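So the chains spell out like this:
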Amino acid sequence: MSVSLSDLRGRNPEIFADGCPTRTVLDHVMGKWGILVLVALSDGTQRWGALRRNIAGISEKMLASTLKTLEADGLVARTAYPEVPPRVEYALTDRGRDLMTRVIPLMEWVADNADDIVARRS
């Protein structure tokens, strides 16, 4: 079943308008680093170092900021274990997993078409 923007606006006329919460969520989820963190976590729980290795090019500062934002949004759960040395793990929440069932098909489309799209720009 396909939903159009008109259908969405029928439910909420202000959807995607300036100041609408949908813009904030889209920024957090679909930003360069947010989407890559979520995709990495869709493979399962990971520690900080594993996330850094799996998301090439992300700085420590950006990873920390992105994880904090996604945790505050309720998409990522952070679990700290009282061990020495400290161990912290990150995982998708139920809402994060639900989101990724919808995003993974988009990521698959991007992967299938990226080479052609970028080649057209050359």
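In this text the structure is predicted, and so the values were computed from the model without any measurement. (Residues numbered from 1 in each chain as written. Predicted model: local features only at pLDDT ≥ 70, side-chain atom pairs only at ≥ 80, totals over all residues. Heavy atoms only, no water.)

Another aspect to go through is the nonpolar core. One finds Val37, Leu38, Leu51 and Val76 to be the most contacted residues of the largest nonpolar core, which totals 21 residues. Apart from the residues lying within four places of it in its own chain, the contact partners of Leu51 are Ala40, Leu41, Gln46, Leu63, Leu67 and Tyr90. (Core = buried A, V, L, I, M, F, W, Y, C linked by side-chain atoms within 4.5 Å. Buried < 20%, exposed > 50% of the residue type's maximum accessible area, 1.4 Å probe, protein only. Contact = heavy atoms within 4.5 Å.)

When two helices pack together, their arrangement is captured by the angle between the axes and the distance separating the axes. Contact geometry for helix α3 (residues 32–41) and helix α5 (residues 60–72): axes closest at 10 Å, N-to-C directions at 75°. With respect to their mutual orientation, α3 and α5 come out roughly perpendicular. Counting all contacts with α3, which are made through Trp33, Gly34, Val37 and Leu38, the residues of α5 involved are Met62, Leu63, Thr66, Leu67 and Leu70. (Axes fitted to C-alpha atoms, helices over the stretch in contact; angles between N-to-C directions. Helix = DSSP H or I, 4+ residues; strand = E, 2+ residues; numbered from the N terminus. Parallel < 35°, antiparallel > 145°, perpendicular 65-115°, else oblique.)

Before going further, it helps to spend a moment on the environment of Leu38. Along the chain, Leu38 turns up in helix α3. Given a relative accessible area of 0%, Leu38 falls into the buried group. The spatial distance from the C-alpha of Leu38 to the C-alpha of Ile104 is 9.8 Å, given a sequence separation of 66 residues. Excluding its chain neighbours within four sequence positions, the residues that come into contact with Leu38 are Val29, Leu70, Leu75, Val76, Leu92, Leu99 and Met100.

With respect to topology, three strands assemble into an open sheet ordered β1-β3-β2, the strand pairing being antiparallel. Lying at the two open borders of the sheet, with one neighbouring strand each, are β1 (46–47) and β2 (76–81). Where β2 meets strand β3 (residues 87–92), six bridges bridge the pair, whose relative direction is antiparallel. Bridged to Thr79 within β3 is Glu89. (Pairing = 2+ DSSP bridges.)

Here the focus is the UniProt feature "domain: HTH hxlR-type" (unreviewed entry) in the chain. When the UniProt feature table is mapped onto this chain, "domain: HTH hxlR-type" (unreviewed entry) is found at residues 20–118. Along residues 20–118, the helical share is 66% and the strand share 14%, with 32 Å between the first and last C-alpha atoms. (UniProt positions renumbered as here; feature names shortened; annotations may be inferred.)

A cluster of nonpolar side chains, contributed by Leu26, Met30, Leu106, Trp109, Val110 and Ile117, occupies part of the molecular surface with about 520 Å² of accessible area. Mapped onto the nonpolar patch, the elements with two or more residues apiece are α2 (21–30) and α6 (94–121). In terms of residue count, the dominant contributor to the nonpolar patch is α6 (four residues). Along the polypeptide, Val110 turns up in helix α6. Judged by its relative accessible area of 36%, Val110 is partly exposed. (Patch = residues over 30% accessible without salt bridge, like charges linked within 9 Å, V, L, I, M, F, W, Y side chains within 5 Å. Areas by Shrake-Rupley, 256 points an atom, 1.4 Å probe, with all protein chains shown as cover. Salt bridge = Lys/Arg side-chain N within 4 Å of Asp/Glu carboxyl O.)

Take unusual backbone geometry next. Here the bond from Val84 into Pro85 is cis, since omega is -5°, no more than 30 degrees from zero. Relative to the assigned elements, Pro85 resides in the loop between β2 and β3.

For the rest of this paragraph, the subject is the pattern of salt bridges. Applying the stated rule across the entire model yields seven salt bridges. Measuring nitrogen to oxygen at the nearest pair gives 2.9 Å for the salt bridge that ties Arg87 to Glu89. Of the charged contacts in the structure, one is a salt bridge between Arg97 and Asp94, with a shortest N-O distance of 2.1 Å. A residue pair is termed a helical-turn pair when its members lie 3 or 4 positions apart in one helix, as Arg97 and Asp94 do in helix α6 at three residues. By relative accessible area, which is 41% here, Arg97 ends up partly exposed. Given a relative accessible area of 59%, Asp94 falls into the exposed group. Put simply, Glu83, Arg87 and Glu89 are held in one network by salt bridges that share partners.

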